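# Report on the structure
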Amino acid sequence: MKAIVITTAGGPEVLQLQQVEDPELKDDEVLIKVEATALNRADTLQRKGAHPPPKGASSYPGLECSGTIQAVGKNVSRWRVGDQVCALLSGGGYAEKVAAPAAQVLPVPLGVSLKDAAGLPEVACTVWSTVFMMSRLSAGETFLVHGGSSGIGTFAIQIAKAKGATVFVTAGNEEKLAFCKKLGADVCINYKTEDFVSRVKEETGGKGVDVILDCIGAAYLQRNLDSLNFDGRLCIIGLQSGAVAEIKLNTLLPRRLTVQGAGMRARNPENKAMVVNEVEKNVWPEVVAGKLKPVIYKSFPLSDAGEGHKLMESNEHIGKILLVP
């Protein structure tokens, strides 16, 4: 098969399409003929040498895919050859074929094309596990997501609205904010021209929001804490501005604040399987009902993976970028 190989740590040009061996299929896995894979920020970090795959995972990038099952391991009972699916991966999505643990495979939701389904697993599992399973966002609460026009952000807006929350977003230009508004965001904040802490306080009568999903990290840490309501929960899933910050601990104590962090790729298979199961039960019905949809900005041929990475790192896109073998 052909796959994208990271020839050395570096820029997008190090991503090269090469002929490689087919994946070896384990007893609890399925072999998927890839229809499409979606880009994630972690892929760009892996390309730079900063985010290696977990032990035993494919060395090729790609944390999610959609496609058709070509073979099943001997311990797999749910899936059959020919099933159209999407899957959460630890790596290997940038290829014509990938072996995926059967417990991390999901059916393609009714109403979503096989190609577009590639943009669902990583965002659905990340958002559901952090915002709902960890931070317990519930109907009637307020929720702020930074990077509202990203793949994570566009999905978070939709699922939070579907579950009855009031949604705040930050983004860097009016086009992105207008798109977030169209998806259902209630309060849209241009972080380049407005102080999000002041705007959050203004819109909530000085209280702050109940839950924040943050991909920025160090530069936003204290400001995020200042934006939380009593019993507020901050969940950090990215460190785009760095990993080291200083905070005022007296911000946390009086308002009983919780700070937590989470990633998806490094979780063990049992935890991933549990998250995938919860996503199928709680998120997929909302997709089928039309309350959620994958937001796909652009597709590239697999051979143009470098161009996809350039677009992602430019931050000029909205939603997900796909690669198609």
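For the chain, an unreviewed UniProt entry supplies the name Enoyl reductase (ER) domain-containing protein and the organism Hibiscus sabdariffa.

In this structure, valine 244 sits in the loop between strand E12 (228-236) and helix H7 (249-255). Taking the C-alpha atoms as reference points, valine 244 and alanine 156, separated by 88 residues in sequence, lie 26 Å from one another.

So, on to empty space enclosed by the protein. With the rule as written, the count across this model stands at one cavity of 30 Å³ or more. For the largest cavity, the calculated volume is near 40 Å³. With four residues, helix H3 (residues 151-162) is the largest single contributor of residues to the lining of the largest cavity. Across the lining of the largest cavity, the residue classes tally to five nonpolar, four polar and two charged.

So, about the UniProt feature "domain: Enoyl reductase (ER)" (unreviewed entry) in the chain. UniProt marks residues 10-323 with the feature "domain: Enoyl reductase (ER)" (unreviewed entry), using the numbering shown here. Helix makes up 30% of residues 10-323 and strand makes up 25%, while its end C-alpha atoms are separated by 20 Å.

With that out of the way, let us pick up the sheet that holds E12. With parallel pairing, the six strands of this open sheet are ordered in space as E10-E9-E8-E11-E12-E13. Both outer strands of the open sheet, strand E10 (187-190) and strand E13 (258-261), are each paired with one neighbouring strand and no more. For this sheet, the mean angle separating the axes of adjacent strands, direction not counted, is 15°. Note: strand E11 (residues 209-214) against E12, five bridges, orientation parallel. Each residue of the ladder has a partner; that of leucine 213, found in E12, is cysteine 235. Contacting strand E8 (142-145), E11, E12 and E13, helix H2 (residues 121-134) runs over the sheet at an angle of about 155° to E11. Packed onto the sheet, helix H4 (residues 174-183) meets strand E9 (166-171) and E10 and runs at close to 165° relative to E10.

What follows concerns the nonpolar core. Grouped together as the largest cluster of nonpolar side chains are 45 residues, with contacts concentrated most on Phe143, Phe155, Val169, Val283 and Trp284. Among the elements that take part in this core, H2 stands out by supplying seven residues, more than any other. Excluding anything up to four places from it in sequence, valine 283 contacts Trp128, Phe155, Ile159, Glu278 and Leu292.

Taken as a whole and assessed by the stated rule, the structure comprises 16 salt bridges. Residue arginine 47 is joined to glutamate 313 by a salt bridge in which the shortest nitrogen-to-oxygen separation is 3.0 Å. Of this pair, arginine 47 sits in helix H1 (residues 41-47) while glutamate 313 sits in helix H10 (residues 305-314); the two residues are 266 residues apart in sequence, bridging distant segments of the chain. The class for glutamate 313 is partly exposed, based on a relative accessible area of 27%. Across the salt bridge formed by arginine 223 and aspartate 195, the nearest N and O atoms sit 3.3 Å from each other. Of this pair, arginine 223 sits in helix H6 (residues 221-226) while aspartate 195 sits in the loop between E10 and helix H5 (196-203), placing them 28 residues apart in sequence. Several salt bridges share partner residues, and in doing so they unite Arg47, Lys48 and Glu313 into one network.

Time to look at helix H8 (residues 269-282). Relative to the 20 Å expected for 14 residues at 1.5 Å per residue, H8 spans 20 Å between its end C-alpha atoms, a close match to the ideal helical length. All buried positions along H8 are accounted for by Lys272, Ala273, Val275, Val276 and Val279. Axial view of H8: buried residues confined to an arc of 165°, hence all on one face. Opposite the buried face of H8, by more than 90 degrees, sit the exposed residues Glu270 and Lys281.

Once that is clear, we can look at the packing of aromatic side chains. Summed over all chains, the structure comprises two aromatic pairs. Arranged with centres 4.4 Å apart and planes meeting at 15°, the rings of tryptophan 128 and phenylalanine 132 form a pair that is stacked. Of this pair, tryptophan 128 and phenylalanine 132 both sit in helix H2, separated by four residues, roughly a single helical turn. With a centroid separation of 4.9 Å and an interplanar angle of 50°, the aromatic rings of phenylalanine 196 and tyrosine 220 are classed as tilted. One end of the pair, phenylalanine 196, is in helix H5; the other, tyrosine 220, is in the loop between E11 and H6, and 24 residues separate them in sequence. Phenylalanine 196 sits in the buried class, given a relative accessible area of 0%.

Thresholds, definitions, all that
Residues numbered from 1 in each chain as written. Predicted model: local features only at pLDDT ≥ 70, side-chain atom pairs only at ≥ 80, totals over all residues. Heavy atoms only, no water. Helix = DSSP H or I, 4+ residues; strand = E, 2+ residues; numbered from the N terminus. 1 Å grid on protein atoms, 1.4 Å probe; cavity = no way out; pocket = protein on both sides within 12 Å on 5 of 7 lines; lining within 4 Å. Points joined across faces, edges and corners; volume = space filled by probe spheres on them. Nonpolar A, V, L, I, M, F, W, Y, C, P; charged D, E, K, R; others polar. UniProt positions renumbered as here; feature names shortened; annotations may be inferred. Pairing = 2+ DSSP bridges. Axes fitted to C-alpha atoms, helices over the stretch in contact; angles between N-to-C directions. Contact = heavy atoms within 4.5 Å. Core = buried A, V, L, I, M, F, W, Y, C linked by side-chain atoms within 4.5 Å. Buried < 20%, exposed > 50% of the residue type's maximum accessible area, 1.4 Å probe, protein only. Salt bridge = Lys/Arg side-chain N within 4 Å of Asp/Glu carboxyl O. Expected span 1.5 Å × (residues − 1). Arc of directions from axis to C-beta. Phe/Tyr/Trp six-rings, centres within 6.5 Å; stacked < 30°, edge-to-face > 60°.

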